[in-house]
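# Structure assessment
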Amino acid sequence: MIQVNNLSFSYTKQPFISGMSFSVSHGEIFGFLGPSGAGKSTLQKILIGMITAYQGSAMVNGVECKKRTKDFYEDIGVDFEFSTMYEKLTAKENLQFFSSLYEKKSRSIEELLEMVGLDRDGDKRVSDYSKGMKSRLNFIKALLHDPLLLCLDEPTSGLDPTNSRMMKDMILAEKAKGKTILLTTHNMQDAAELCDRVAFIVGGKICALDSPHSLIMSKGAAAVTYTWLENGEHSANCPIDRISSDERLKGLISENRLQSIHSGEPTLNDIFMDITGRTLV
Amino acid sequence: MRLRNLFLLDMRFQAKYGFYFLYVALTVIYVVILLALPQSWREKAAAILIFSDPASMGLFFMGAIVLLEKSQHTPCAFAVSPVRAGEYMLAKIASLSAISLVVAALLALTAGIAHLHMVLFGTMLSSVLFTLLGMMVATKIVSLNQFILWTVPIEILAFIPAILHLWGISPAVLKNYPANLCMDMISGASVSFLGLFCTVILIGVLFMAVRKCVIKMWQEAGGIKL
Ligand SMILES: Nc1ncnc2c1ncn2[C@@H]1O[C@H](COP(=O)(O)OP(=O)(O)O)[C@@H](O)[C@H]1O
Ligand SMILES: [Mg+2]
């Protein structure tokens, strides 16, 4: 679906996005994970043909992005970081209008509104919507023409846990229908849960790219942390796959002297810090 | 089909922002003024009124419309939709020209200007020209103040020659100047083929230039605050 090869771009004279290469296959949820200002939105803008002054190659759905025609957008749905609706029109009027711009028949507006819990607010003006309601509305706007590729920029930011859950389920439902999804986020839980693969992006470069599971595993397996009393409390760590060779732990177990024992897996956040030396937020 | 939907949206947008209400009110005021004037003044007064409001409202109102759209980030939505820049422009031009034509017709009828079709054709040409100019400026700027500043030179270049021309104070070389030509038509006078040709060419060139500006605006698609 997407092939990016040696892609470079900058807003200024200084290099910004440089030498990026990756590909995304059909039906995959691919995440761009990185702190704000990393270039995630910029990269998405290149892939949706809004920035054309790039070097290298970026192919989406068989089209080089800088050579796209307007028909390119029949199969792409974009959810920006901000609302792109007419504020004085109602939600329904907006959705009806935007869906009327495509050749394809629109999905049912009533159904989509209901799916994101806005069925009672369809006749309200968008200017009367809260921030979270606007994000949900803009999300279904991207789904209206049932596109093959969905580009979602921070879709869950600013949503409460219930709505965030609902939106994640809808994203997974789109994937189940065979859609390809590009997801930008600085929320590593969402990334770990949704994405088949994630790219860590910092300062316009991809620092790592793999499935969340492999990335987590790359740090080494989970570790066990245990504590015991011996002139005060002590604690120690041991990788879970080397427990049998930890004599102290074995001794503590056989003498029933353990105070506590926990196993913990590194989170995607730990891995991100490990690889990039930066935190996500 | 898409063009029709864009056109209907523009009309709806203009209705919600009170454009139609405003123009009903203005038309009533203009008609009252015209009727209060002596019969012999009415034709010239109507020509000035038509030229300076319905025929040129596009300059200011198209700017306002595009700025409002920018503040709501809808250019981003158009940028990633199948809508062509030309369709977007045609719909906007047509929606404002519709208001221009109705108001101009009412004023011309009130004043009893002969050759109504000439008046309407002149109003149409000016409306398209001014709407394109307004759109061009609006795609480039980010605030209402900037917009007002940049439309002043356009107003000076368009209005002063045209109004002088109406009183016959006009050098011969400006006979085919598009603003003067439109003024001629709006006052019910006939015009030369050459002048018409120049005006139509100007509209064509402007259209292509504004199309580039719209595409650029969609790509930048940055948000602004009003
Ligand atoms: N239109 C623009 N012109 C110039 N610089 C920009 C523009 N948009 C974004 N930038 C800069 O590019 C960098 C990356 O921005 P962005 O891609 O939005 O980051 P992210 O989405 O990862 O938070 C930021 O430093 C931002 O200031
Ligand atoms: Mg961003």
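Below or above, wherever it landed, is the structure these notes cover. (Residues numbered from 1 in each chain as written. Chains lettered and ligands numbered in written order. Predicted model: local features only at pLDDT ≥ 70, side-chain atom pairs only at ≥ 80, totals over all residues. Heavy atoms only, no water.)

### Things to note about the interface of chain B and chain A
With 24 residues of chain B in contact, the opposing surface of chain A contributes 28 residues. Summing both partners gives a buried area of about 2,500 Å² for chain B against chain A, and 61% of it is carried by carbon and sulfur. In terms of surface lost to chain A, no three residues of chain B exceed K16(B), V80(B) and Q219(B), which account for 26% of the buried area on that side. Linking chain B to chain A there are four salt bridges. The residue E93(A) makes a salt bridge to K16(B) at a minimum N-O spacing of 3.3 Å. Elements represented by at least two residues in the side of chain B that touches chain A include exactly α1 (2-16), α5 (74-79) and α10 (193-220) of chain B. Per-class residue counts for the side of chain B that touches chain A are 13 nonpolar, six polar and five charged. (Contact = heavy atoms within 4.5 Å. Buried area = accessible area lost by both parts, 1.4 Å probe. Salt bridge = Lys/Arg side-chain N within 4 Å of Asp/Glu carboxyl O. Helix = DSSP H or I, 4+ residues; strand = E, 2+ residues; numbered from the N terminus. Nonpolar A, V, L, I, M, F, W, Y, C, P; charged D, E, K, R; others polar.)

### Quick look at the coordination of the magnesium ion (ligand 2)
Six octahedral donors around a metal ideally subtend angles of 90 or 180 degrees, whereas four tetrahedral donors ideally subtend 109.5 degrees. Residue and element names in this part refer to chain A. Protein ligation of the magnesium ion (ligand 2) involves S41 (OG) and E81 (OE), the donor distances falling in the range 2.0 to 2.7 Å. You can see S41 sitting in helix α1 (residues 40-47) and its partner E81 sitting in the loop between β6 (76-79) and α2 (91-99), a full 40 residues away along the chain. Relative accessible area serves as the criterion here: at 18%, S41 is assigned to the buried category. (Donors = N, O, S within 2.8 Å, 3.2 Å for Na, K, Ca; no water. Buried < 20%, exposed > 50% of the residue type's maximum accessible area, 1.4 Å probe, protein only.)

### Notes on a nonpolar patch on the surface
Residue and element names in this part refer to chain B. Side chains of F60, L144, I148, V152, I156, I160, L164, W167 and I169 sit close together on the surface and give an oily, nonpolar patch of about 820 Å² of accessible area. Tallying contributions element by element places helix α8 (residues 144-166) first for the nonpolar patch, with six residues. Secondary-structure assignment places V152 in helix α8. (Patch = residues over 30% accessible without salt bridge, like charges linked within 9 Å, V, L, I, M, F, W, Y side chains within 5 Å. Areas by Shrake-Rupley, 256 points an atom, 1.4 Å probe, with all protein chains shown as cover.)

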